[in-house]
Amino acid sequence: MSQSQIIHVLTGCTAVGKTETALRWAEANDAEIVNCDSLLFYRGMNVGTAKPSAEELERVPHHLIDLMPVDQQMDVGRYVELAIEAVRDISSRGKQVLVTGGSGFYLKAFFGPVVDEVQVSDEIRTEVAQLEAESGVVGIAMRLEDLSPDCVGQVDLNNPRRVARALERCLASGLTVTELKKRFAEQRNLLIDSEKCLAVLERDKGELAERISQRIGLMLEAGLVAEVSGLLEAGIESNSSAATAIGYRETIAHLKGDLSLEQLSESIATNTRRLAKKQRTWFRGQLPKGKVHFLEGNLEVDVGELFG
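The rules behind the values
- Residues numbered from 1 in each chain as written.
- Predicted model: local features only at pLDDT ≥ 70, side-chain atom pairs only at ≥ 80, totals over all residues.
- Heavy atoms only, no water.
- Helix = DSSP H or I, 4+ residues; strand = E, 2+ residues; numbered from the N terminus.
- Contact = heavy atoms within 4.5 Å.
- Areas by Shrake-Rupley, 256 points an atom, 1.4 Å probe, with all protein chains shown as cover.
- Lys, Arg positive; Asp, Glu negative; His and termini not counted.
- Charge placed at Lys NZ, Arg CZ, Asp CG, Glu CD.
- Buried < 20%, exposed > 50% of the residue type's maximum accessible area, 1.4 Å probe, protein only.
- Arc of directions from axis to C-beta.
- Pairing = 2+ DSSP bridges.
- 1 Å grid on protein atoms, 1.4 Å probe; cavity = no way out; pocket = protein on both sides within 12 Å on 5 of 7 lines; lining within 4 Å.
- Points joined across faces, edges and corners; volume = space filled by probe spheres on them.
- Nonpolar A, V, L, I, M, F, W, Y, C, P; charged D, E, K, R; others polar.
- Phe/Tyr/Trp six-rings, centres within 6.5 Å; stacked < 30°, edge-to-face > 60°.

Student: What should I look at first to understand the overall build of the protein in this one?
Tutor: Per the secondary structure count, the protein includes 13 helices and six strands. By its C-alpha atoms, the protein is 60 × 55 × 35 Å across when sized along the principal axes. Taking the contacts inside the protein whose residues are at least 6 apart along the sequence as the reference set, 75% of them involve residues at least 24 apart. By element, 49% of the accessible surface of the protein is carried by carbon and sulfur atoms, the whole surface being about 15700 Å². In the protein, 35 positive and 46 negative side-chain charges are present, and the distance between their average locations comes to 4 Å.

In structure tokens, the structure reads:
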């Protein structure tokens, strides 16, 4: 990757208008798109994810879409590896890199460490689980304090899950909590070290709610229920990330008789609005400052000013 290469990152909450904006910017800037939407990794999840259509995929080359069957789960470590490969490939051909999507944890991979490199063996997990069964959270907290006195104030010692996780990592690495945090923060890779340019799309709350309702209506007309029925046969329920995704979990409930067709649309809309609110809060609190564009109605962003 040349030193002049920049990774452009375009994000925004669901239904805000990322897809078309990304396509227009990529076409105008000789760029290729790297997907950062966690549900677009799965083959067959098309309607309910608003996955780019065949025509849209022909307009601009896309990377990291349809990577795996729906019954297998992607993890962020694998995503980082694949994203690095994609960025290198795109850059090697002299193209611009545009990352787009709204999945926070995957977006964060471009701005800082997200992968815990400590490998915890099954034996250590069993050891910690047995200690917790015998002595409760007090027992595993005492063991953690023996190994890492500095854990006090850094780990919630009343939270069994966090204490067990910290104890496992200390046992596996031989390091203290402070040393582990320092090593994690010092991780480097191509995504973190590259220069980034960030743009965030936003809309008025009421307008976004209307766009969400319209999108859900189009999804149902396009065959969302039939898509999910086929995905159930393909094993979607063995992949919790996919089966519990908004639009899919409600449709699964409908197919199992727990939601009527009338209730389905409103349930998806309600949960999508809640997701959009969480996404907006996350972008503001977890990402570095970027260029924010407020969209109104059918007005489009001037792609020449998107990152300027």
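After that view of the structure, there is still more to cover.
Student: Would you explain helix α10 (residues 224-233) in this entry?
Tutor: An α-helix turns once per 3.6 residues; consequently, residues spaced three or four apart project the same way. Where α10 is concerned, the buried positions are Leu-224, Glu-227, Val-228 and Leu-231. Angularly, the buried residues of α10 cover 95° about the axis, an arc narrow enough to put them on a single face. Residues of α10 that are exposed and point more than 90 degrees away from the buried face comprise Ala-226 and Glu-233. Looking one or two residues beyond α10, the residue adopting positive phi is Gly-235, at roughly 95°.

Student: Sorry, what's going on with the sheet that holds strand β6 (residues 291-295) here?
Tutor: Within a sheet, each strand pairs with its neighbour through backbone hydrogen bonds, oriented either parallel or antiparallel. Strand order in the open sheet made by the six strands is β3-β2-β4-β1-β5-β6, with parallel pairing throughout. Edge positions in the sheet fall to β3 (62-63) and β6, since each has one partner strand and no second. Sheet analysis places strand β5 (residues 195-203) next to β6, joined by five bridges and oriented parallel. Directly across from Leu-201, in β6, lies its bridge partner His-293.

Student: Can you walk me through empty space enclosed by the protein in this structure?
Tutor: To locate leftover empty space, one rolls a probe as large as a water molecule over the atoms. Taken as a whole, this structure holds one cavity of 30 Å³ or more when the rule is applied. By volume, the largest cavity is sized at about 60 Å³. Lining the largest cavity, in full, are Asp-116, Glu-117, Val-118, Arg-169, Leu-180, Arg-183, Phe-184 and Gln-187. The greatest single-element share of the lining of the largest cavity, amounting to three residues, is contributed by helix α7 (residues 177-185). Looking at the lining of the largest cavity residue by residue, the class counts come to three nonpolar, one polar and four charged.

Student: When you look at the packing of aromatic side chains in this model, what are you seeing that I'm missing?
Tutor: To describe a pair of aromatic rings, one takes the distance between the centres and the angle between the planes. According to the stated counting rule, one finds seven aromatic pairs in the structure shown. Between Phe-41 and Tyr-79 the ring centres are 5.5 Å apart and the planes differ by 40°, which places this aromatic pair in the tilted class. Taken together, the positions of Phe-41 in the loop between β2 (31-35) and α2 (54-59) and Tyr-79 in helix α3 (residues 76-92) put the pair 38 residues apart, joining distant regions of the chain. This pair shows no difference in class: Phe-41 is buried, exactly as Tyr-79 is. Ring centres of Trp-282 and Phe-283 lie 6.2 Å apart, and the angle between their planes is 85°; on these two criteria the pair is classed as edge-to-face. Take Trp-282: its relative accessible area is 23%, and that puts it in the partly exposed class. Given a relative accessible area of 8%, Phe-283 falls into the buried group. Ring pairs connect the aromatic residues Phe-41, Tyr-42, Tyr-79, Tyr-106 and Phe-110, which therefore count as one cluster.

Student: How should unusual backbone geometry be read in this particular structure?
Tutor: Among all residues except glycine, the phi angle is most often negative; among peptide bonds, the trans geometry is most common. Within the chain, Ala-15 stands out as a residue other than glycine whose phi angle is a positive 70°. Relative to the assigned elements, Ala-15 resides in the loop between β1 (6-12) and α1 (18-28). Using a relative accessible area of 4% as the deciding quantity, one classes Ala-15 as buried.

So far we have only geometry, and geometry alone does not tell us how the molecule works.
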